[in-house]
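# An overview of the molecular structure
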Amino acid sequence: MKRLIFGMLFVLTIATCLRFFTHFSGGVGEVFARIASIPALTWAVLAMLTSAFYALDWIRFRSVLSVLGYRLRWRDGIALTCVSYFVTSLTPSAELHTPAMVYMLSRRLRVPVPQALAASVTKSIYMTLWICLVAYLTLFFNRTVPLPALLRDSLPVLTLPLLFIALLLGLIAFFPAPLLSLVDGKVARWPPESLMRKLAAGIAQSAASIAAIGSSRHRQHALCHAASITFLLTYVAIGSILASALGFSLSLMQALTIFSTSLMIAYLAPVPGAIGVTEVATSYMLDPRLTPDGMAVSLTLRILCWYLVAFPGTLVLLREFARDGKWSFPRLFK
């Protein structure tokens, strides 16, 4: 039933966004005509920045794993990135992201599940917190950028779960002893081979790994934060170049506000992959009239910084399933 609901929500999201996009953009042909007008030299710069954008995702994961003593090669890192964007597009609130990352890390690098879980959660939370921090600060100090009233009113609600998770991770990172002693007390009450005991032991190991990352003074820990900030700024740069190429004149503060908020919406919107929501909100912030030029900027930005690797992510994940014997064409059609 849950899969059916998520599938229906995904289809409804796509259908609604296509309808909305067609209505306000003047049609797909109009938007792609705008995109085709971007000069070749600009595309070359965008290609370099997009490559750097995804390379930074690998660096973020690599640095967190390095703190725990594991090495992530660039090929594996890019594979993880592709799968990440694919599974995040399937369900609201990126429900499949962490299980997929844990599966890939344990499958490709033989990272134990508790450590893989800790690395994936920490990396995601660090990035989301930096995005939200920059977006909120720029929205507060730059009131000239328009934001739909519904979205502005709902942002505090959307970020409350994130703040709770961040607070919990902070407590685990800097005050792990109370949680570990609580888990140890529970573990002692269950039989050695019980599922609950194994689950509690896994939670304790993950908490210990999160604590090791969060309190680490390793240079790789600092690199993870630096890569997260650079990742956000690269997204802003790509958006700014697209906006300039399509006739928008933005100040540095305006660009930072619009595109950091765009990325925050992509991370927090409660629809699969924030599909459509991010495009419309970004276009609205560029021009509330939702013009073809604004739609062209927002759509191209999302293609370069999301959809470009989502389809390859499908193939990567299916290949991993096939290697494990969990998927095959005959099974698919049974």
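By convention here, each chain's residues receive numbers from 1 onward along its written sequence. At least 70 in pLDDT is required for a residue's local features to be given in this predicted model, at least 80 for side-chain atom pairs to be given and counted, and no such filter applies to totals for whole chains, interfaces and linings, which use all residues. For the side-chain quantities, the full set of heavy atoms in the structure was used; hydrogens and water were omitted.

A few words on the packing of helix H3 (residues 40–67) against helix H4 (residues 74–88). For any two helices packed against each other, the geometry comes down to the angle between their axes and how far apart the axes lie. Here H3 crosses H4 at 105°, and the two axes come no closer than 9 Å. In terms of axis orientation, H3 runs roughly perpendicular to H4. Residues Phe53, Tyr54, Asp57, Trp58 and Phe61 of H3 lie in contact with H4, whose contacting residues are Trp74, Gly77, Ile78, Leu80, Thr81 and Tyr85. Lines are fitted to the C-alpha atoms to define the axes, a helix being fitted only along its stretch in contact, and any angle between axes, read from their N-to-C directions, falls within 0 to 180 degrees. Strands are runs of DSSP state E lasting at least 2 residues, helices are runs of H or I lasting at least 4, and numbering of each runs from the N terminus. Any angle that falls under 35 degrees is termed roughly parallel, while one over 145 is termed roughly antiparallel, one within 65 to 115 roughly perpendicular, and all others oblique. Only heavy atoms matter for contacts: two residues are in contact if any of them lie within 4.5 Å across the pair.

Take the buried residues of types Ala, Val, Leu, Ile, Met, Phe, Trp, Tyr and Cys, join any two whose side-chain atoms come within 4.5 Å, and each joined set is a nonpolar core. Throughout this description, buried means an accessible area under 20% of the type-specific maximum (1.4 Å probe, protein chains only), exposed means over 50%, and partly exposed covers the range between. In terms of nonpolar packing, the biggest core is built from 46 residues, with Phe53, Ile238, Leu242, Phe259 and Val297 touching the most fellow members. Of all the elements in the fold, those that place two or more residues in this core are helix H2 (28–36), H3, H4, helix H6 (113–141), helix H10 (219–245), helix H11 (252–268), helix H12 (277–286) and helix H13 (292–323). In terms of residue count, H13 provides more of this core than any other element does, nine residues in total. For Phe53, the contacting residues outside a window of four places in its chain are Tyr85, Phe231, Thr234, Tyr235, Ile238 and Cys305. Membership of the second largest hydrophobic core comes to 26 residues, among which are Val64, Leu65, Leu68 and Ala100.

Our next topic: the packing of H12 against H13. The N-to-C vectors of H12 and H13 enclose an angle of 135°; their axes lie 8 Å apart at closest approach. Between H12 and H13, the angle is such that the two are oblique. For the crossing formed where H12 meets H13, the hand is right-handed. Along the contact surface, H12 presents Thr278, Glu279, Val280, Thr282, Ser283 and Leu286, while H13 presents Gly294, Met295, Val297, Ser298, Leu299, Arg302 and Tyr307. Classifying every residue of the contact of H12 with H13 gives six nonpolar, five polar and two charged. The hand of a helix crossing depends on one turn: near helix anticlockwise from the far one by less than a right angle means left-handed, and clockwise means right-handed. In this count, Pro and Cys sit with the nonpolar residues alongside Ala, Val, Leu, Ile, Met, Phe, Trp and Tyr, while Asp, Glu, Lys and Arg are called charged and the others, Gly among them, polar.

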